[in-house]
Amino acid sequence: MSIIEVRDLNLFYGEHQALHHIHMDIDANSITAFIGPSGCGKSTFLRTLNRMNDMIQGVRIEGSVKVVGEDIYQTKVDVEILRKNIGMVFQQPNPFPKSIYENITFGPKLHGITDRQKLDEIVESSLKAAALWEEVKDVLKKPAYGLSGGQQQRLCIARALAVNPQILLMDEPTSALDPISTAKIEELLAELKETYTIVIVTHNMQQAARISDKTAFFLNGELVEFDSTPVIFQNPCDKRTEDYITGRFG
Ligand SMILES: Nc1ncnc2c1ncn2[C@@H]1O[C@H](COP(=O)(O)OP(=O)(O)OP(=O)(O)O)[C@@H](O)[C@H]1O
């Protein structure tokens, strides 16, 4: 089942068109990877999926993005609720300068949950889902900044999960991490896709090949090819995809 349906999407930064006629269906409970050379529009496209580009001045969007059948660019859409349903994790771990506990409860509190026991439960379940609970359960009141980079990134994943999203967007979530932390996050994503739909931008083609079900190859703002990951890496249709994945450019 497609949870995200993108139709004829164009995006302009002022005069510059950064995305051209993108058409894509993203399957629920799967991992979809976006690959392509620097500047091809991967992050821009990822941000269109929860309207993060709204925050950038001069952006204009044409076409439609439907999430669970609803066009997210309709004016009646509540962007706060949209972003609760479609969480985001960035390249640099960005915990709040607060305790581990408060990082997780921030979102649920914002959405009206005040009961202490309920908040405790959310903290435990989110940290467990992000494979961080065992490492931090005795230091929940300590500052999040005291954690390692890999732990901070799992905390950011836990923070996104705490508001019970359906979709998790990840923009190069492991590129600032060491190989062991990266492997932990990759393992975690394989578990999370049972419950969530994951869309990930990665510069690391091995990572895309290891963890994703489908891969999209972008070039100059166009979606060149989108198919199951084994097809993209072993038997792509487009010469440009083949050239890129075999390292001929990019
Ligand atoms: N805030 C912005 N204002 C103007 N132009 C932008 C902005 N963000 C991105 N662009 C331009 O849009 C195009 C796509 O950029 P984008 O960051 O989406 O590519 P990317 O594939 O994610 O690149 P990278 O892999 O380097 O992160 C580039 O030409 C870039 O210069």
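Note that the structure is predicted; figures quoted are calculated from it, not measured. (Residues numbered from 1 in each chain as written. Predicted model: local features only at pLDDT ≥ 70, side-chain atom pairs only at ≥ 80, totals over all residues.)

**Student:** Please explain unusual backbone geometry as it appears in this structure.
**Tutor:** At R51, a residue that is not glycine, the phi angle is positive and equals roughly 60 degrees. When you line up the elements, R51 lands in the loop between α1 (42-48) and β4 (59-67). For N220, which is not glycine, the phi dihedral falls at a positive 50 degrees. Structurally, N220 is set in the loop between β9 (214-219) and β10 (222-228). A count of 15 C-beta atoms within 10 Å places N220 in the partly exposed class. (Helix = DSSP H or I, 4+ residues; strand = E, 2+ residues; numbered from the N terminus. Buried ≥ 20, exposed ≤ 12 C-beta atoms within 10 Å, placed from the backbone.)

**Student:** Sorry, what's going on with the packing of helix α3 (residues 100-110) against helix α4 (residues 116-129) here?
**Tutor:** Packed helix pairs are characterised by how far apart their axes lie and by the angle those axes make with each other. Put simply, α3 and α4 touch, their axes get as near as 9 Å, and they point 110 degrees apart. In terms of axis orientation, α3 runs roughly perpendicular to α4. For the pair α3 and α4, the sense of crossing is right-handed. In this structure, α3 contributes Y101, I104, T105 and P108 to the contact, and α4 contributes L119, I122, V123, S126 and L127. Taken together, the residues of the contact of α3 with α4 sort by class into 7 nonpolar, 2 polar and no charged. (Axes fitted to C-alpha atoms, helices over the stretch in contact; angles between N-to-C directions. Parallel < 35°, antiparallel > 145°, perpendicular 65-115°, else oblique. Left-handed = near helix turned anticlockwise from the far one by under 90°. Contact = placed C-beta atoms within 7 Å. Nonpolar A, V, L, I, M, F, W, Y, C, P; charged D, E, K, R; others polar.)

**Student:** I'm lost on the sheet that holds strand β7 (residues 167-171) in this one. Help?
**Tutor:** In sheet architecture, strand pairing relies on hydrogen bonds along the backbone and comes in two forms, parallel and antiparallel. Ordered in space as β6-β7-β8-β3-β9-β10, the 6 strands form an open sheet in which the pairing is mixed. Lying at the two open borders of the sheet, with one neighbouring strand each, are β6 (86-89) and β10. Strand-to-strand twist in this sheet, taken as the mean axis angle between neighbours without regard to direction, amounts to 15 degrees. Bridge analysis of β7 against strand β8 (residues 197-201) gives 5 bridges, and the strand direction is parallel. Looking across to β8, one finds that D171 is bridged to V201. (Pairing = 2+ DSSP bridges.)

**Student:** Whenever I open this one, the site of the ligand confuses me. Can you help?
**Tutor:** Around the ligand, a shell composed of Y13, A18, G36, S38, G39, C40, G41, K42, S43, T44 and I56 is seen. For the shell around the ligand, the element with the highest residue contribution is α1, accounting for 3 residues. Among the residues forming the shell around the ligand, the class breakdown is 4 nonpolar, 6 polar and 1 charged. (Near = placed C-beta within 6 Å.)

**Student:** Could you clarify how one ought to interpret α4 in this entry?
**Tutor:** What sets the pattern is the α-helix's 3.6 residues per turn: residues three or four places apart point alike. For α4, spanning 14 residues, the distance from its first C-alpha to its last is 20 Å, which sits close to the expected 20 Å at 1.5 Å a residue. Here α4 has its buried residues at I122, V123, S126 and L127. Mapping the buried residues of α4 onto a view down its axis gives an arc of 115 degrees, with all of them on the same face. In α4, those exposed residues whose orientation departs by more than 90 degrees from the buried face are Q117 and K118. Its buried side turned inward, α4 meets α3, α5 (133-136) and α6 (149-161). (Expected span 1.5 Å × (residues − 1). Arc of directions from axis to C-beta.)

**Student:** Honestly, the nonpolar core in this entry has me stumped. Any pointers?
**Tutor:** Counting 65 residues, the largest nonpolar core has F34, A158, L168, L169, I198, V199 and F218 as the members making the most contacts within it. Looking at which element gives the most residues to this core, the answer is α6, with 6 residues. (Core = buried A, V, L, I, M, F, W, Y, C linked by C-beta atoms within 7 Å.)

**Student:** Would you explain the sheet that holds strand β2 (residues 16-27) in this entry?
**Tutor:** Taken in spatial order, the 4 strands of this open sheet run β2-β1-β4-β5, and their pairing is antiparallel. Of all the strands in the sheet, the pair left with one neighbour each is β2 and β5 (70-71). In this sheet, β4 lies alongside strand β1 (residues 2-13) in antiparallel orientation, the contact comprising 8 bridges. The residue bridging Y13 from the neighbouring strand is V59, located in β4.

**Student:** I tried to follow the UniProt feature "domain: ABC transporter" (unreviewed entry) in the chain on my own but got confused; where do I start?
**Tutor:** As recorded in UniProt, the feature "domain: ABC transporter" (unreviewed entry) lies at residues 4-245. Helix makes up 37% of residues 4-245 and strand 27%. Its end C-alpha atoms lie 26 Å apart. (UniProt positions renumbered as here; feature names shortened; annotations may be inferred.)

**Student:** Would you explain the environment of L188 in this entry?
**Tutor:** Within the element layout of this structure, L188 appears in helix α7 (residues 179-192). On the basis of neighbour count, L188 is assigned to the partly exposed category, with 17 C-beta atoms found within 10 Å. Along the backbone, L188 and G221 are 33 residues apart, and their C-alpha atoms lie at a distance of 30 Å. Not counting residues up to four positions away in its chain, the partners in contact with L188 are A130, A131 and R154.

**Student:** Could you clarify how one ought to interpret α7 in this entry?
**Tutor:** With 14 residues, α7 extends 20 Å between its outermost C-alpha atoms, agreeing within 8% with the 20 Å of an ideal straight helix rising 1.5 Å per residue. Of the positions making up α7, those classed as buried are K184, I185, L189 and L192. Buried residues of α7, seen end-on, are gathered within an arc of 140 degrees and therefore sit on one face of the element. Counted as exposed and oriented over 90 degrees from the buried face of α7: P179, I180, E187 and E191.

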